[in-house]
Amino acid sequence: MTATLLLLLKSAVGIIILAIGMDSTRGDLIYLWRRPGLLLRSLLAMYVLVPLAAFALVKVLTLPPAVEVGLLVLAVSAGAPLLPRKLMRIGDGAYTFSLVVTSSLLAIVLVPAWLWLLGSQFDNPPDLAPARVAWVLAKSFFLPLAAGMLIRGLFPAFAQRVSGWLIGAAGVVLTLSALVLMGLHWDLLLEARWAGVLTLAALITLALAIGHWLGGPTEDDRTALAIACSTRHLGIAVLVASAMPGPRTAVIVAVYILTSALISIPYLHWRRRVSARMATASNPTTP
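Residues numbered from 1 in each chain as written. Predicted model: local features only at pLDDT ≥ 70, side-chain atom pairs only at ≥ 80, totals over all residues. Heavy atoms only, no water.

Engineer: Before we move on, can you summarise the overall build of the chain with the specific residues and values?
Structural biologist: Along the chain, the regular secondary structure elements total 11 helices and 0 strands. Listed N to C, the secondary structure of the chain is α-α-α-α-α-α-α-α-α-α-α in terms of helices and strands. For the chain, the residues scored as buried account for 52% of the 287 residues in total. Sequence-distant contacts, at least 24 apart, represent 85% of the contacts inside the chain between residues at least 6 apart. Accessible area of the chain: about 13,300 Å², with a carbon and sulfur share of 69%. (Helix = DSSP H or I, 4+ residues; strand = E, 2+ residues; numbered from the N terminus. Buried < 20%, exposed > 50% of the residue type's maximum accessible area, 1.4 Å probe, protein only. Contact = heavy atoms within 4.5 Å. Areas by Shrake-Rupley, 256 points an atom, 1.4 Å probe, with all protein chains shown as cover.)

Engineer: Explain the packing of aromatic side chains residue by residue, including any values.
Structural biologist: The description of an aromatic ring pair uses the distance of the two centres, along with the angle that the planes make with each other. The final tally for this structure, using the stated rule, is 2 aromatic pairs. Plain terms: the ring middles of Tyr31 and Tyr95 are 6.3 Å apart, the flat faces sit at 50° to each other, and that makes the pair tilted. Here Tyr95 lies in helix α5 (residues 94-117) and Tyr31 lies in the loop between α1 (2-22) and α2 (36-60), a separation of 64 residues in the sequence. Stacked on the ring of Tyr31, the Lys or Arg Arg35 has its end atom at 3.7 Å from the ring centre. (Phe/Tyr/Trp six-rings, centres within 6.5 Å; stacked < 30°, edge-to-face > 60°. Lys NZ or Arg CZ within 6 Å of the ring centre and 35° of its normal.)

Engineer: Tell me about the environment of Leu143, residues and numbers included.
Structural biologist: Assignment of secondary structure puts Leu143 in helix α6 (residues 130-154). In this structure Leu143 comes out as exposed when scored by relative accessible area, which is 55%. Along the chain, Leu143 and Leu18 lie 125 residues apart, while their C-alpha atoms are 8.3 Å from each other.

Engineer: Break down α5 for me, citing the residues and quoting the values.
Structural biologist: Counted at 1.5 Å a residue, the expected span for α5 with its 24 residues is 34 Å, and the 33 Å between its end C-alpha atoms agrees. Ala107 marks the point of greatest bend in α5, at about 55°. (Expected span 1.5 Å × (residues − 1). Bend = angle between axes of the 7 residues up to and from the residue.)

Engineer: Describe the confidence of the model for the chain, with residues and values.
Structural biologist: On average, residues of the chain carry a pLDDT of 75, and 72% of them reach 70 or more. Across the chain, element-level confidence peaks in α2 with a mean pLDDT of 88 and bottoms out in helix α4 (residues 83-86) with 48. In this model, residues 84-88 is a region of pLDDT below 50 whose contacts with residues beyond four sequence positions or in other chains number 17 contacts. (pLDDT = per-residue confidence, 0-100.)

Engineer: Hey, could you go over the nonpolar core for me, with residue numbers and the actual values?
Structural biologist: Tyr95, Leu145, Leu203 and Leu225 are the most contacted members of the largest nonpolar core, which totals 55 residues. Those residues within four positions of Leu203 in sequence are excluded, and the remaining contacts are Val50, Ala53, Ala54, Leu57, Leu71 and Tyr256. Within the second largest apolar cluster, 6 residues are counted, among which are Ala19, Met22, Leu166 and Ile167. (Core = buried A, V, L, I, M, F, W, Y, C linked by side-chain atoms within 4.5 Å.)

Engineer: So what's going on with the packing of α2 against α5? Which residues, and what values?
Structural biologist: Two elements in contact, α2 and α5, have axes whose closest approach is 11 Å; the angle formed by their N-to-C orientations is 45°. On the basis of their axis angle, the class for α2 and α5 is oblique. α5 is crossed by α2, and the crossing has right-handed handedness. Contacts between α2 and α5 pair Leu38, Leu39, Ser42, Leu43, Met46, Tyr47, Val48, Pro51 and Leu52 from the former with Tyr95, Leu99, Thr102, Ser103, Ser104, Leu106, Ala107, Leu110 and Trp114 from the latter. Of the residues contributing to the contact of α2 with α5, the split by class is 14 nonpolar, 4 polar and no charged. (Axes fitted to C-alpha atoms, helices over the stretch in contact; angles between N-to-C directions. Parallel < 35°, antiparallel > 145°, perpendicular 65-115°, else oblique. Left-handed = near helix turned anticlockwise from the far one by under 90°. Nonpolar A, V, L, I, M, F, W, Y, C, P; charged D, E, K, R; others polar.)

This is how it looks when you write it as structure tokens:
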């Protein structure tokens, strides 16, 4: 059952990525590459500061082993293929899309490197060579992304009409799979206890703060990077969880999905209100 739920999680992520490709253009790819300062700050936040924050939490707090491993797995699984959906109505989407693609490319090398560096924290460290990560990303991220962009190029009206529906339906499957996975292994949640859930919430909050701090001065970029830091690459996280014995890490990933939504949604509402106020101030209506 756990394997089936993990497959559903992966499939839902793949469908969302397909829909993201249907809603993006080739010009969006190079947005971040033309802005080296923003690129470096984005990578520093996602690939250095967030993993270090998770490592610090593991060292400072006394946590169940499953929570420790889950925190580290999520922290090193940088990249956010679900990001554009969360940032709907924030900015023009070019930065978010470019960030998704760039972070997924770098994950091929950086995820195995972080797992190797943090290997002493795992009883059975996962053996994930860059070639394996590249293969998983190729079939679970880049292939559906390219397919979505191809569909957009051939049938733009259809892509625009269907992409939102696909994201919504896949999002429901993702959430339900996470809930069932948690219900199936409720005893592991008792083992994690409130301290584990609160630590996950602390990591998400720290990630939001790191991205918010380094994403400026443009307010939309600040919001995008904050959400990117708090939304880990679930495809990679599930891959790492699948490579480890038992369902514990997979359950922590499921808890993270729901906790991330509970924390990031209020942040997004606040940022949208800020964006709306700034837009009103810059374009005041005349009576």
